[in-house]
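# Descriptive structure summary
Chain residues, written in single-letter form:
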Amino acid sequence: MSTDKSWTKALFGGIWSVLNFSRKLFFNIIFLVIAIAIISLIFKDNGQIGVKQDSALVLNLRGDIVIQKHAIDPFEAFMQEALGQENEKPEVLLQDILLTLDNAKQDQRIKALVLDLQELNGAGLDKLEQIAQAIDDFKLSEKPVYAIGDYYTQEQYYIASHADHVYMNPMGWMLFEGYGQFGMYYKSALDKIKATTHVFKVGTYKSAVEPLIRDDMSQAAKEANKAWLDAMWSQYKNNVAEARGLSADNFDEKVDEFMVKFEDVNGDFAQYALENGWVDGLKAREQVLQELASVVGEEDSKRGYTNITFKHYLQIVNPPLPHLDTNVDKVGVVVAKGTILNGDQKPGTVGGDSTANLLRKARLDDSIKSVVLYVDSPGGSAFASEIIRQEIENLKAAGKPVVALMSTYAASGGYWISASADEIWAAPSTITGSIGIFGMFVSFENTLDYLGVHTDGVGTTDFAGMGITRGIDPKMGQVLQRSIEHGYDQFISLVADERHMSKEDVDSIAQGRVWIGETALSLNLVDHLGYIDDAVSAAAQLADLSEYDVTYVERSLNSSELFWKEFFSNASVMLAKTQFAQSDSKLMSLISQVTADFDDVIKLNDPRGVYAFCLTCEI
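As a starting point, this report considers the structure included with it. (Residues numbered from 1 in each chain as written. Predicted model: local features only at pLDDT ≥ 70, side-chain atom pairs only at ≥ 80, totals over all residues. Heavy atoms only, no water.)

### Describing the sheet that holds strand E4 (residues 110-116)
The six strands are arranged E8-E6-E5-E4-E1-E9 in an open sheet whose pairing can be described as parallel. Lying at the two open borders of the sheet, with one neighbouring strand each, are strand E8 (281-282) and strand E9 (307-309). Looking at chain direction, E4 and strand E5 (residues 145-149) are connected through four bridges and run parallel. Paired with Leu-113 across the bridge in E5 is Val-145. Across the sheet, helix H3 (residues 94-106) touches strand E1 (55-59) and E4, and the angle it forms with E1 is around 165 degrees. Taken strand by strand, helix H12 (residues 310-317) contacts E1, E4 and E9, and its axis lies near 80 degrees from that of E9. (Pairing = 2+ DSSP bridges. Helix = DSSP H or I, 4+ residues; strand = E, 2+ residues; numbered from the N terminus. Contact = heavy atoms within 4.5 Å. Axes fitted to C-alpha atoms, helices over the stretch in contact; angles between N-to-C directions.)

### Observations concerning unusual backbone geometry
One non-glycine residue, Asn-266, lies in positive phi territory at about 60 degrees. Tracing the backbone through its elements, the reader meets Asn-266 in the loop between helix H9 (255-264) and helix H10 (269-275). Among the residues examined, Asn-266 registers a relative accessible area of 73% and is labelled exposed. Within the chain, Asp-544 stands out as a residue other than glycine whose phi angle is a positive 60 degrees. Under the relative-accessibility criterion, Asp-544 is labelled exposed at 71%. (Buried < 20%, exposed > 50% of the residue type's maximum accessible area, 1.4 Å probe, protein only.)

### Describing the environment of Leu-101
By secondary structure assignment, the location of Leu-101 is in helix H3. Leu-101 sits in the buried class, given a relative accessible area of 1%. Between the C-alpha atoms of Leu-101 and Asp-137, which are 36 residues apart in sequence, the distance is 8.6 Å. Contacts of Leu-101, omitting those with residues within four sequence positions, involve Leu-59, Leu-113, Ile-131, Ala-134, Ile-135 and Phe-138.

See the structure below:
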């Protein structure tokens, strides 16, 4: 018996020793890293990254192109860098790309532009259009532009098509899939767990709730979605065809038509792309490097030719220096990007309170004479949307004009917060409209009953006890539906007043239907088509500004936040990276998508449960 006790004691003692050693080792490593970081900050080299003469700027974009990055905790970013872990959803600011291309055009040290887009993930068509325009502007400098890739996705190719030379690996591929709107539907799954979905909505085309109450897309939703998807696809085809000097008929949209050409090249995607004029040559990586080296010179580096990457060049043209205030009048830009939620939210999500506070900050800043509300949102909380819109009214009352600029999305609540602006600008491909609201929640009284769990009790009114364990009385359902109808009337009345239309005319183009920017212009939902520079110019003109600066209005960091942001930013560069294998399971991706679908609904937090949200705007 004593032997058993000794063996057990030794086992657990050994385990504890290992755990204790690991704990001490971990914190010692963290301490060492922090110490190195402090020393590096003290003895920091103030030298700058240089641009060699006759360099190629490599536009190697990684992640999604956005108008505002999601907020990331500095320590979290530091640890990701330290452990060599990639950000799950890396992001690149559109304004950084445009700034880089504009500077490179005028920089005599930059001799060529190389588009290396293999790690570019997603971007709305409006953002791709602006980058393409910036590349076309760069080409006015008569510097060559090369697009290089082992393959091209549809979004990558939109940018690549504007290069002077488009090369693809002989083993590469590209295929134009077009645009589609396909989602998963959960009615049968919810039925199997005996969940009850309570939906209150107005709008024939308000299909945001369909995934939870149907197993397929309704005919009305198909009709509406097909209309704006076709219009957007037409824009894509015409723009790419013009850039390549081809006909829009060159796109093979039918499998039968595609197969005729595909058979002619023996099933070779790369050769198909070459024969159809989508690429200028099929070249292996080394061949591409040699050609680029002949243009800008050889360099003993990974790329093999004289170059500077996007990230390093951006550090030169847009260094992270403290903002120096000037006496010049300003146009303030407030970004509203992401789902609209109630309360304070971090960047990357629109908070009713936090975004309203930014607008208030612009209103109280005497140097800001007008404001651009830069919207990239499918909507969300109706209450939060109204809180933001009210602050726009306050800006106008203070004599500061407001211009709303719609990016990829400005639908439903995204349109709500834009409606009261003095002018509304949209990109030709902006997804907007979706004027309609809904209320919804899921209750589990039948699920609990099936499990033998029951809810019972007493209340002083008919309203007491309503919730996910009891569902709702049909009479209470009438109350909620009437509230939604009132909310819809508020929405279309708002649009009618601001757009100088009758409620009947607004209702005829509302009903939750989605439109793209060029159609929205013809329907009087927007005033002009354009991008950020156009909207800023319009805001300056409305304020009678001839000379002005542009400033992005953001939440001010306190001294502590600024210190730790700088501290962890500098500490991360001192660390060696350790690579970890990452799962690429298609099943895990599918599970993540299902989780994301429900998360889109669960995170909605309107205090009345009323939403102006376009769940189906994602393509």
